[in-house]
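Reading the structure
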Amino acid sequence: MSSIPGADEYGVDVAIEDADRERALSVRPEDVEPADELTFARNVFLPLTTACRYTCTYCTYYDVPGEASLMSPEAIRETCRTGADAGCTEALFTFGDDPDDRYTEVHDQLREWGHDSIHEYLREACEIALEEGLLPHANPGDQTREQMAHVADVNASMGVMLETTADVRAHSGSRAKSPGQRLNTIATAGELGVPFTTGILVGVGEDWSDRADSLLAIRELHERYGHVQEVIVQPVSPNERWDGDPPSEATMRRTVAMAHAVLPEAVAVQVPPNLADARALLDCGVEDLGGVSPVTEDYINPDYAWPAVRELEDVAEHGGVPLRERLPVYERFLPEDGVENEWVSERVGREIADGERYRTVLAD
Ligand SMILES: O=c1nc2n(C[C@H](O)[C@H](O)[C@H](O)CO)c3cc(O)ccc3cc-2c(=O)[nH]1
Ligand SMILES: C[C@H]1O[C@@H](n2cnc3c(N)ncnc32)[C@H](O)[C@@H]1O
Ligand code: SF4
C-alpha cells in the first residue's frame, strides 16, 4: 500500500493497494472495448484572470505580478452572448489559481468592481453566463470548501485536474501544486454534490506507477461520492516555457486504455482533440472530446487550435461511431422530475428546463 504526497497534510484518506496498481499496470490497448459513441460540448473559454499563485513550469497561462489581467463584466457578457449566438451551451471559466497579494493590480481592480475575492467575482461571472444562456463550468484550480460552496449553486459542473499523484519537478518552487491538496479539492466537490471533471497530465515527470496511482486515487474518490463525470487524459504540450517532448503515441494509447480499465463505466475518458491525435486513441477507450469552442481559443494552450466540429465528425466516423453533443453536466446528474436534485441547484436546473438550446442538445 502506498500513500500520496500531501494527503495527510490535507486530511485526504486515499491509499493505493499494490494489487490494484499491478492490475492497472498490466492493461494494454488491445484489452479495451472501444466506446460506442463520442461526445463533446460547445463552449466559450473565459480566462477570468491570468494571475496565479503557482508557477507550473509547463504553463504559459500565468502572468508575472504587475502584468496580470482581469476580464471585465462587460467582456464576460460580450463573450457569453457571442457564444450563445454560435450555439454554445457552456461558459468555461478556467483561470489562475487563487490570485493572492502578489497581484495588487488584480486586488485593486476587484475591489473597484465591488469584490473582495476572485470567488466573489466568479459568482457574478457565472450569473452573467446564466443570464446569457450558457451553463457555467468553472475550473479555478484548488479550492477550499468555503470557496467552492460560494459558487457551487451557479455552476452546472466544476473541475480541477489532479495532474499527478507524484511530486514532480514541474510543480516545484515555494508555491506548488500538492497532490494532497488537489485530491482534497476533488473530495470537497464530492461532499458538496458538484458534478466534477478531473484528469491527469501525462509527460510531466511521472512514471507508469504514478499514472496508475493517479487514476486509482480518482476512482477511490468517485466510489466514495459518485460525482466524477469525466477524466481527462491530457498530454503535456510543448510551448515557450516547456521544451520537453510530449508523450509518445504509444504512451498515450496505454494511458487511455489504463484510464478506461480503471475507471467505472459511468466515468467518461476524455482526450482534448487539439492536443492529442484522437483518431489514434479511439480504440483505447476514448469516450469524450471535451469542450470545443467555435468562438474562443484554448487560452491555456494557445498554440493548439480547436478543430472545427466538422473535424470531430470525421474523427467519430474514423472510429465508426456517432458523434453526440452534450451539456457541460452529464445527463445522469439531471433531475428526473422537478428542476433540482442533490447535484443540480434550482438556479441551474431552471435554466436547463427553460433553455431551448439545452433542450435541443438533450433531445439529440
Ligand atoms: O480548453 C480547454 N479546456 C479544458 N477544460 C474544459 C473541458 O474540456 C470541458 O469544460 C468539460 O469537459 C465540460 O464540458 C478543462 C475542464 C476541467 O474541469 C479541467 C481541466 C480542463 C482543461 C482544459 C484545457 O486545458 N483546455
Ligand atoms: C487546465 C489544465 O491545463 C493543463 N495545462 C497547463 N499547461 C499545459 C500544457 N503545456 N500542456 C497541456 N496541458 C497543460 C493543466 O493540466 C491544467 O490543470
Ligand atoms: S497550470 Fe494553472 S496553476 Fe499552474 S501556473 Fe498555470 S494557471 Fe497556474
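Here's what I pulled together on the structure shown here. It should be emphasised that the depicted structure is a prediction, and the values quoted were computed from it without experimental measurement.

What follows deals with the pairing of strand β4 (residues 90-94). Counted residue by residue, β4 has five buried out of five residues, so it is predominantly covered. Side chains of β4 alternate between two faces, with Glu-90, Leu-92 and Thr-94 and Ala-91 and Phe-93 buried alike. Regarding the hand of the β-α-β motif, the stretch spanning strand β3 (residues 38-46), helix α2 (residues 73-85) and β4 is right-handed. Pairing of β4 with strand β5 (residues 135-139), which is carried by five bridges, proceeds in the parallel orientation.

The next subject is the site of ligand 3. Taken together, Cys-52, Tyr-54, Cys-56, Cys-59, Tyr-61, Tyr-62, Asp-97 and Lys-177 form the complete shell of residues around ligand 3. Classifying every residue of the shell around ligand 3 by side-chain character gives six nonpolar, no polar and two charged.

Okay, the site of ligand 1 next. Within the structure, ligand 1 sits among 21 residues, and Glu-90, His-137, Glu-230, Trp-306 and Arg-326 are positioned closest to it. Gln-234 has a polar side-chain atom sitting 3.0 Å from an oxygen atom of ligand 1. Between ligand 1 and the protein, one listed contact pairs a nitrogen atom with a side-chain N or O atom of Asp-298 at 3.2 Å. Protein coverage of the free-state accessible area of ligand 1, which is 530 Å², stands at 97%. At three residues, strand β8 (residues 228-235) tops the list of elements feeding residues into the shell around ligand 1.

This paragraph deals with the nonpolar core. Counting 113 residues, the largest nonpolar core has Tyr-58, Ile-76, Phe-93 and Val-271 as the members making the most contacts within it. Each residue touching Phe-93, except ones within four places of it in the same chain, is listed here: Leu-46, Leu-48, Ile-76, Leu-122, Ala-125, Cys-126, Ala-129, Pro-136, His-137, Ala-138, Asn-139 and Pro-140.

Overall, the coordinates contain four aromatic pairs when judged by the stated rule. Taking 5.3 Å as the distance between ring centres and 65° as the angle between the ring planes, the aromatic pair formed by Phe-45 and Tyr-299 counts as edge-to-face. Of this pair, Phe-45 sits in strand β3 while Tyr-299 sits in the loop between β10 (288-292) and α9 (309-319), placing them 254 residues apart in sequence. Ring geometry for Trp-113 against Tyr-121: centres 5.5 Å apart, planes inclined by 40°, an arrangement best described as tilted. When its relative accessible area of 0% is taken as the criterion, Tyr-121 is described as buried. One cation-aromatic arrangement involves Arg-254 over Trp-208; the distance from NZ or CZ to the ring centre is 4.0 Å.

The rules behind the values
- Residues numbered from 1 in each chain as written.
- Chains lettered and ligands numbered in written order.
- Predicted model: local features only at pLDDT ≥ 70, side-chain atom pairs only at ≥ 80, totals over all residues.
- Heavy atoms only, no water.
- Buried < 20%, exposed > 50% of the residue type's maximum accessible area, 1.4 Å probe, protein only.
- Helix = DSSP H or I, 4+ residues; strand = E, 2+ residues; numbered from the N terminus.
- Right-handed = clockwise from strand over helix to strand, strands pointing away.
- Pairing = 2+ DSSP bridges.
- Near = heavy atom within 4 Å.
- Nonpolar A, V, L, I, M, F, W, Y, C, P; charged D, E, K, R; others polar.
- Polar contact = N/O pair within 3.5 Å; in protein donor to acceptor, adjacent residues only side chain to side chain.
- Areas by Shrake-Rupley, 256 points an atom, 1.4 Å probe, with all protein chains shown as cover.
- Core = buried A, V, L, I, M, F, W, Y, C linked by side-chain atoms within 4.5 Å.
- Contact = heavy atoms within 4.5 Å.
- Phe/Tyr/Trp six-rings, centres within 6.5 Å; stacked < 30°, edge-to-face > 60°.
- Lys NZ or Arg CZ within 6 Å of the ring centre and 35° of its normal.

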